[in-house]
Amino acid sequence: MDRTQILLVGLPLFLFFTDIINLFSPSPPPKSSHHNPIPQPQPQSQQPHLQQQPLDFPTKKSEIGPIGAGLIGVGNTVSIDFCTSCSYKGTAVTVKNMLESLFPGINVVLANYPPPLPKRVISKVIPVLQTGIIIAITAGDQIFPRLGVTPPQLYYSLRANKFRSIASTWLLANFVQSFLQSSGAFEVYFNGELVFSKLKENRFPGEFELKELIGKRIGNTAIF
């Protein structure tokens, strides 16, 4: 037998006999396990219970005056009557905000100041005349013969250039109507009393001027 055969036969026999020896040999004694002792909790010394006391913070109540104190304008009304067709609304709103800022609590009322009655009546007639002239220019050839009326010389002058005549009539009538509807007023009243009139002064009131006029009437001179 060569070495290879001896190795193949001898290795299994060696392993077999080794298993038999291990089977009949006594088992080694078990290893003793050393457990670390668990430290027992030591009783803690009871500390005296400290009673928590609320912290005393200094409190100071602010003295609050009666409701409305400081509103120096309460109970007073300022009326601003202005010309709406004159584009005075922006100025009126600016004055309103200024007065409400200077005199808290004051009531500021904005309203339109109408023109005199004759101008208002004429301004209502202008649109009717405007429409009649435009209709006459465009359809006068059919209207005048049916009415049996001889057209005036101005009619033939207007018909010579219809577009220019209609445009001129429209613009002129609108301008006249706007002029009649405008009053040019900017009147300031304090509790019904006139304190400033643009119709008399021919100018707008100044900020400091209104401040003085309204402040004197309110009776609060401490703001100056």
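Note that the coordinates shown come from a computational prediction; the quantities given were computed from them, not determined experimentally. (Residues numbered from 1 in each chain as written. Predicted model: local features only at pLDDT ≥ 70, side-chain atom pairs only at ≥ 80, totals over all residues. Heavy atoms only, no water.)

**Describing the overall build of the protein**
When its secondary structure is counted, the protein shows 7 helices and 4 strands. The N-to-C order of helical and strand elements in the protein reads α-β-α-β-α-α-α-β-β-α-α. A burial count over the protein gives 22% of its 224 residues as buried. Considering only contacts within the protein whose residues lie at least 6 apart along the sequence, 68% involve residues at least 24 apart. For the protein, the exposed area adds up to about 17,800 Å²; of that, 62% sits on carbon and sulfur atoms. (Helix = DSSP H or I, 4+ residues; strand = E, 2+ residues; numbered from the N terminus. Buried < 20%, exposed > 50% of the residue type's maximum accessible area, 1.4 Å probe, protein only. Contact = heavy atoms within 4.5 Å. Areas by Shrake-Rupley, 256 points an atom, 1.4 Å probe, with all protein chains shown as cover.)

**A word on helix 5 (residues 162-181)**
Along its 20 residues, helix 5 runs 28 Å from first to last C-alpha, staying within 8% of the 28 Å computed at 1.5 Å per residue. Within helix 5, the full set of buried residues consists of Ser165, Thr169, Ala173, Gln177 and Leu180. What you see down the axis of helix 5 is that its buried residues fit within an arc of 85°, all on one side. Summarising the geometry of helix 5, the exposed residues directed more than 90 degrees from the buried face are Phe163, Arg164, Leu171, Phe175 and Phe179. Turning to helix 5, the residues buried within the fold contact helix 3 (117-147) and helix 4 (153-159). (Expected span 1.5 Å × (residues − 1). Arc of directions from axis to C-beta.)

**Quick look at the packing of aromatic side chains**
If you walk through the whole model with that rule in mind, you get 4 aromatic pairs. Aromatic side chains Phe144 and Tyr155 sit 5.0 Å apart centroid to centroid with 65° between the ring planes, which places their arrangement in the edge-to-face category. Here Phe144 is found in helix 3, whereas its partner Tyr155 is found in helix 4, with 11 residues between them in sequence. Given the relative accessible area of 17%, Phe144 is considered buried. With 5.3 Å between their ring centres and 75° between their planes, Phe186 and Phe204 make a pair best called edge-to-face. In this pair, Phe186 is assigned in strand 3 (residues 186-190) and Phe204 in the loop between helix 6 (198-201) and helix 7 (207-218), connecting sequence segments 18 residues apart. An aromatic cluster is defined as three or more aromatic residues linked by ring pairs; in this entry it consists of Tyr88, Phe186 and Phe204. Stacked on the ring of Phe179, the Lys or Arg Lys119 has its end atom at 5.0 Å from the ring centre. (Phe/Tyr/Trp six-rings, centres within 6.5 Å; stacked < 30°, edge-to-face > 60°. Lys NZ or Arg CZ within 6 Å of the ring centre and 35° of its normal.)

**What about the packing of helix 3 against helix 5?**
The interhelical angle for the contact between helix 3 and helix 5, taken along N-to-C directions, is 175°, at an axis separation of 9 Å. Comparing their axes, helix 5 and helix 3 come out roughly antiparallel. Two secondary-structure elements touch here, helix 3 through Lys119, Ile122, Ser123, Ile126, Pro127, Gln130, Ile133, Ile134, Ile137 and Thr138 and helix 5 through Lys162, Ser165, Ile166, Thr169, Trp170, Ala173, Asn174, Val176, Gln177, Phe179, Leu180 and Gln181. Across the contact of helix 3 with helix 5, the residue classes break down as 12 nonpolar, 8 polar and 2 charged. (Axes fitted to C-alpha atoms, helices over the stretch in contact; angles between N-to-C directions. Parallel < 35°, antiparallel > 145°, perpendicular 65-115°, else oblique. Nonpolar A, V, L, I, M, F, W, Y, C, P; charged D, E, K, R; others polar.)

**Examining the confidence of the model for the protein**
Close reading of the predicted structure is inappropriate where its pLDDT is low. Summing up the model confidence of the protein, the mean pLDDT is 77 and the portion of residues at 70 or higher is 67%. At the level of individual helices and strands, the protein shows its lowest average pLDDT in helix 1 (residues 3-24), which scores 58, and its highest in strand 3, which scores 96. Ignoring residues within four places in sequence, the model shows residues 33-37, a span with pLDDT below 50, making 0 contacts including any to other chains. Segment residues 220-224 is flagged for pLDDT under 50; beyond a separation of four residues in sequence, or across chains, it makes 8 contacts in the model. (pLDDT = per-residue confidence, 0-100.)

**Comments concerning the pairing of strand 2 (residues 107-112)**
Pairing of strand 1 (residues 77-82) with strand 2, which is carried by 6 bridges, proceeds in the parallel orientation. Bridged to Asp81 within strand 2 is Ala111. Taken together, strand 1, helix 2 (residues 89-102) and strand 2 constitute a β-α-β crossover, and its handedness is right-handed. (Pairing = 2+ DSSP bridges. Right-handed = clockwise from strand over helix to strand, strands pointing away.)

**So, the side chain of Glu187**
Within the secondary structure, Glu187 sits in strand 3. At a separation of 3.2 Å, a polar atom in the side chain of Glu187 contacts the main-chain amide nitrogen of Lys198. Setting aside anything within four residues of it in sequence, one finds Glu187 in contact with Ser79, Ile80, Asp81, Tyr113, Leu194, Phe196, Ser197, Lys198 and Leu199. (Polar contact = N/O pair within 3.5 Å; in protein donor to acceptor, adjacent residues only side chain to side chain.)

**Notes on helix 3**
For helix 3, built from 31 residues, the straight-helix expectation of 45 Å at 1.5 Å per residue is missed by more than 12%, its first-to-last C-alpha distance being only 34 Å. Bending of helix 3 peaks at approximately 95° at the position of Ala139. Looking only at helix 3, the buried set comprises Ser123, Ile126, Gln130, Ile134, Ile137, Gly140 and Phe144. Where helix 3 is buried, its residues contact helix 4 and helix 5. (Bend = angle between axes of the 7 residues up to and from the residue.)

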